[in-house]
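The chain contents come next:
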Amino acid sequence: MAGCRGSLCCCCRWCCCCGERETRTPEELTILGETQEEEDEILPRKDYESLDYDRCINDPYLEVLETMDNKKGRRYEAVKWMVVFAIGVCTGLVGLFVDFFVRLFTQLKFGVVQTSVEECSQKGCLALSLLELLGFNLTFVFLASLLVLIEPVAAGSGIPEVKCYLNGVKVPGIVRLRTLLCKVLGVLFSVAGGLFVGKEGPMIHSGSVVGAGLPQFQSISLRKIQFNFPYFRSDRDKRDFVSAGAAAGVAAAFGAPIGGTLFSLEEGSSFWNQGLTWKVLFCSMSATFTLNFFRSGIQFGSWGSFQLPGLLNFGEFKCSDSDKKCHLWTAMDLGFFVVMGVIGGLLGATFNCLNKRLAKYRMRNVHPKPKLVRVLESLLVSLVTTVVVFVASMVLGECRQMSSSSQIGNDSFQLQESAILQLFHQDSTFSPVTLALFFVLYFLLACWTYGISVPSGLFVPSLLCGAAFGRLVANVLKSYIGLGHIYSGTFALIGAAAFLGGVVRMTISLTVILIESTNEITYGLPIMVTLMVAKWTGDFFNKGIYDIHVGLRGVPLLEWETEVEMDKLRASDIMEPNLTYVYPHTRIQSLVSILRTTVHHAFPVVTENRGNEKEFMKGNQLISNNIKFKKSSILTRAGEQRKRSQSMKSYPSSELRNMCDEHIASEEPAEKEDLLQQMLERRYTPYPNLYPDQSPSEDWTMEERFRPLTLHGLILRSQLVTLLVRGVCYSESQSSASQPRLSYAEMAEDYPRYPDIHDLDLTLLNPRMIVDVTPYMNPSPFTVSPNTHVSQVFNLFRTMGLRHLPVVNAVGEIVGIITRHNLTYEFLQARLRQHYQTI
């Protein structure tokens, strides 16, 4: 076993050793998308499917384009604006529904408990009041947990999942109607149940689901809801509407339409243009004013007054008229804000570290067990939270008489939004001991709570925790240093920004969200400085909380750009040369076999390239002059695969093991022989013809297995299955022109749930029939040269929102393909280590 790891081991022996999981190198584990147990690091999984933002310009789509004119184009754009407006209105109504029932259930609960506390304070039966509070909270949390059991994707805030979707990853079930119902009802019960969670984060997820589902005018959960609406039947349109819905969710939560627009831009949307910006901003405005209109009318009875812009509003910051020395902030305070940013970054990094350990513990010890265990964990968290809050409120309430119960009771024994406003604006000085105790308890309980099986947001707990920290700093500066000019509300706001920035690591959008929530533009500079310092400090230790949970799920998320040293790699270093392909005319038998035995979501459409051999021998002067260039520059699949199999760095699939065992000994002496010369010498022995119903033979050589293939286009798995389901084929005795033609609407009819190949009734198909895939493939996909640097490949892939990127050499032969998994940070790091080892 030790010899296999040595540098002098041969390829075949390495393949045998590395077949066992515990002897695989970190590079292999990265490529395979598995977990490295020694470092306990979760690597990107390969079972996530990417969204396709690129348009498939095939014949059905061209037929639609032929019928389009400027009038229809304007009508289509008008429909899109109306749908965007409807998404904003519906998202605002969802926020109204959540807010109304949270307040209703909370008033009901505290009304009963407060009456009991007043009666039992004199009779000495506070334990009975605690039991009543436990009864309410445990019931609400139990209902929230049951809803998550129905739809597990509804757990948490949903922001990591939305971020993945906007980044181009299709997370199963994230934008379904059932997810929306479970999310909305679940967060309602979670907040009413007294857990240290917020309803603002789930609003972003809810808005995304509304944005994804409303333009479809149909539902998978409710199959009877279906209208003949042919628009927006693609990942491209759906992703734009999800961006608008996420922005509307932020706008409804914080009354921050501009911040919502920037959130969608900053947190994931890779493809962006001016038209999309206007639509997203319009959607955010619609959500904000819809929620504002109804909340102001319901709470104040003044319809049309627009007094409550969002679910969370920080109120007006102003100094007391009697305090002439008070200023909201001064230039000298910026130094304190920077220090608070550093501390906030450290606290946020600590919070994220603890929560990551808890999440890993849940993944190993809670999630594999029966689902009831998740419910019991949620009930345990609710029990501990309720007892701690009740006892702290009763005990600390005896220490300091105030006009409205105790200090920590006001902070925790009520709605969290009200507690934030109290810390921001209450003039009376809070006790440092009370604030410190409140901060520690809230920090630990919020960290424990985020990640349990209930819908839960993190914005409000982070803001409340940070506000207590900022208020504590203000008290210390006032009482012990003697700085009487400072305004405690400003320090509470900066503390909230510092802690929230240290946890989530957002900068641009969070700055604007906080400014819009305060309605005070003068806070722009201190908030921005604090958030930047908090982010830089936290990034020194770990990632933001949402990125951590994305990593724990193994989602192949693409960052904004690659590191500088990655440009040492080229497309040929990261591509996958072992292709599964189809021919322009392929038998049904072969298609079914390919679809059932692979999990690939796209297949190159190719023809065997034997013409190049004859072209070299024609004596053409131009071609003759280029032979020397071709010898040294043209990469072939066979040459690349031989190099990889001999480098002992690529993962040992069974196919490569066979090649390694059978051919490496004989091929090693010919390593330096020119591949083009070998091909010319074999010009009278053409490559074996791979008929549509013929499989590769184990006796083939490397050149036979990895023969030159000319790329003609790409076709998706969903398109092939649709063609088979609808019987699009022709017989050998007929021309391909006799094959039935499908329209664009028919091809997109089953979107987004296309039929599965395993559900196909094979008795209805004639395996000898032939399918002409050329009318339905994408004949002009984006391609790159094998010599393209990784940064260029990465920018093209991410900016254009691609799903597959073929690598094509100088003579039009496909030599490999690049997908999202080939561009993840972990995969690139593994390839870079291989690059350094081979130098």
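Please refer to the structure higher up on the page.
Residues numbered from 1 in each chain as written. Predicted model: local features only at pLDDT ≥ 70, side-chain atom pairs only at ≥ 80, totals over all residues. Heavy atoms only, no water.

Chemist: If you had to explain the overall build of the protein chain to someone new, which residues and values would you point to?
Modeler: Helix and strand content of the protein chain: 34 helices and 10 strands. Counting every position in the protein chain, which comprises 839 residues, the buried fraction comes to 55%. Long-range pairs, those at least 24 residues apart, make up 78% of the contacts in the protein chain between residues at least 6 apart in sequence. (Helix = DSSP H or I, 4+ residues; strand = E, 2+ residues; numbered from the N terminus. Buried < 20%, exposed > 50% of the residue type's maximum accessible area, 1.4 Å probe, protein only. Contact = heavy atoms within 4.5 Å.)

Chemist: Tell me about the pairing of strand β9 (residues 804–808), and name the residues and values.
Modeler: The element β9 is extensively covered by neighbouring structure, given that five of its five residues are classed as buried. Residues His804, Pro806 and Val808 point to one face of β9 and Leu805 and Val807 to the other, with burial holding for every one of them. In textbook terms, the turn of a hairpin is the stretch between consecutive antiparallel strands, and for β9 and strand β10 (residues 814–819) this stretch comprises five residues, one of which, glycine 812, has a positive phi near 80 degrees. (Pairing = 2+ DSSP bridges.)

Chemist: Account for the environment of serine 116, with residues named and values stated.
Modeler: Considering the arrangement of structural elements, one finds serine 116 in helix α5 (residues 70–123). Here serine 116 falls in the buried class, since its relative accessible area comes to 7%. The sequence separation of serine 116 and serine 129 amounts to 13 residues, and the corresponding C-alpha distance is 5.5 Å. Apart from the residues lying within four places of it in its own chain, the contact partners of serine 116 are Ser129 and Glu132.

Chemist: An account of the nonpolar core is requested, with residue identities and associated values reported.
Modeler: With 129 residues, the main nonpolar core has Phe314, Phe424 and Phe459 as its most contacted residues. Top element by residues in this core is helix α18 (residues 459–481). It accounts for 11 residues. Each residue touching phenylalanine 424, except ones within four places of it in the same chain, is listed here: Phe314, Phe317, Ala467, Arg471, Tyr487, Gly489, Ala492, Leu493 and Ala496. (Core = buried A, V, L, I, M, F, W, Y, C linked by side-chain atoms within 4.5 Å.)

Chemist: Before we move on, can you summarise the packing of helix α6 (residues 126–150) against helix α8 (residues 177–192) with the specific residues and values?
Modeler: The interhelical angle for the contact between α6 and α8, taken along N-to-C directions, is 160 degrees, at an axis separation of 8 Å. Between α6 and α8, the interaxial angle falls into the category roughly antiparallel. You can see that α6 and α8 cross each other, and the crossing is left-handed. Residue-level inspection shows Asn137, Phe140, Val141, Leu143, Ala144, Leu147 and Ile150 of α6 in contact with α8, the latter providing Arg178, Cys182, Leu185, Gly186, Phe189, Ser190 and Ala192. (Axes fitted to C-alpha atoms, helices over the stretch in contact; angles between N-to-C directions. Parallel < 35°, antiparallel > 145°, perpendicular 65-115°, else oblique. Left-handed = near helix turned anticlockwise from the far one by under 90°.)

Chemist: Requested: an account of a nonpolar patch on the surface, with residues and values cited.
Modeler: A surface patch of nonpolar side chains, amounting to about 470 Å² of accessible area, comprises Val338, Val342, Leu346, Phe540 and Phe541. Tracing the sequence through the fold places phenylalanine 541 in the loop between α21 (524–539) and α22 (545–552). (Patch = residues over 30% accessible without salt bridge, like charges linked within 9 Å, V, L, I, M, F, W, Y side chains within 5 Å. Areas by Shrake-Rupley, 256 points an atom, 1.4 Å probe, with all protein chains shown as cover. Salt bridge = Lys/Arg side-chain N within 4 Å of Asp/Glu carboxyl O.)

Chemist: Explain the packing of aromatic side chains to me, and be specific about the residues and the numbers.
Modeler: Scanning the entire structure with this criterion turns up 25 aromatic pairs. For the ring pair phenylalanine 439 and phenylalanine 499, a centre distance of 6.3 Å and an interplane angle of 80 degrees mean the geometry is edge-to-face. Here phenylalanine 439 is found in helix α17 (residues 432–449), whereas its partner phenylalanine 499 is found in helix α19 (residues 488–504), with 60 residues between them in sequence. Owing to a relative accessible area of 14%, phenylalanine 439 belongs among the buried residues under this scheme. Put simply, the rings of Phe97, Phe100, Phe101, Phe105, Phe136, Phe140 and Phe189 touch in pairs and so form one group of aromatic residues. A cation over an aromatic ring shows up here: lysine 109 above the ring of phenylalanine 110, its NZ or CZ 4.8 Å from the ring centre. Note that arginine 798 overlies the ring of tryptophan 560, its terminal NZ or CZ placed 4.3 Å from the centroid. (Phe/Tyr/Trp six-rings, centres within 6.5 Å; stacked < 30°, edge-to-face > 60°. Lys NZ or Arg CZ within 6 Å of the ring centre and 35° of its normal.)

Chemist: Can you lay out the packing of α19 against α21 for me, pointing to particular residues and giving the numbers?
Modeler: Where α19 meets α21, the axes come as close as 8 Å, and the angle between the chain directions of the two elements is 35 degrees. The two elements α19 and α21 cross, and the hand of that crossing is right-handed. Across the interface between the two elements, Leu493, Ile494, Ala497, Ala498, Gly501 and Gly502 from α19 touch Pro526, Ile527, Thr530, Leu531 and Ala534 from α21. Residues of the contact of α19 with α21, tallied by class, amount to eight nonpolar, three polar and no charged. (Nonpolar A, V, L, I, M, F, W, Y, C, P; charged D, E, K, R; others polar.)

Chemist: Mind laying out the pattern of salt bridges, listing which residues take part and the relevant values?
Modeler: Counting across every chain of the model gives 14 salt bridges. Aspartate 99 serves as the salt-bridge partner of arginine 103, at 3.3 Å between the closest nitrogen and oxygen. Taken together, the residues span about one helical turn, with arginine 103 and aspartate 99 both in helix α5 at a distance of four residues. Judged by its relative accessible area of 4%, aspartate 99 is buried. Residue lysine 163 pairs with aspartate 547 through a salt bridge whose shortest N-O separation is 2.4 Å. Of this pair, lysine 163 sits in helix α7 (residues 159–167) while aspartate 547 sits in helix α22, and the two are 384 residues apart along the sequence. The exposure class of lysine 163 is buried, given its relative accessible area of 13%. Take aspartate 547: its relative accessible area is 22%, and that puts it in the partly exposed class.

Chemist: Please provide a residue-by-residue account of unusual backbone geometry, values included.
Modeler: A positive phi angle, near 60 degrees, is found at arginine 505, a position not held by glycine. Along the chain, the position of arginine 505 falls in the loop between α19 and α20 (508–518). For asparagine 519, which is not a glycine, the phi torsion comes out positive at approximately 55 degrees. With a relative accessible area of 60%, asparagine 519 lands in the exposed category.

Chemist: How would you explain helix α34 (residues 825–838) if you had to name every residue and give the values?
Modeler: Here α34 is 14 residues long and its end C-alpha atoms lie 20 Å apart, about the 20 Å a rise of 1.5 Å per residue gives. Restricting attention to buried positions, one finds in α34 the residues Phe827, Leu828, Gln829, Ala830, Arg831, Leu832 and Gln834. (Expected span 1.5 Å × (residues − 1).)

Chemist: Give me the lowdown on the environment of proline 202, citing residues and values where you can.
Modeler: On the secondary structure map, proline 202 appears in helix α9 (residues 200–213). When its relative accessible area of 1% is taken as the criterion, proline 202 is described as buried. Between the C-alpha atoms of proline 202 and leucine 180, which are 22 residues apart in sequence, the distance is 9.6 Å. Apart from the residues within four sequence positions on either side, proline 202 is in contact with Gly156, Ser157, Lys183, Val187, Ser456 and Gly457.

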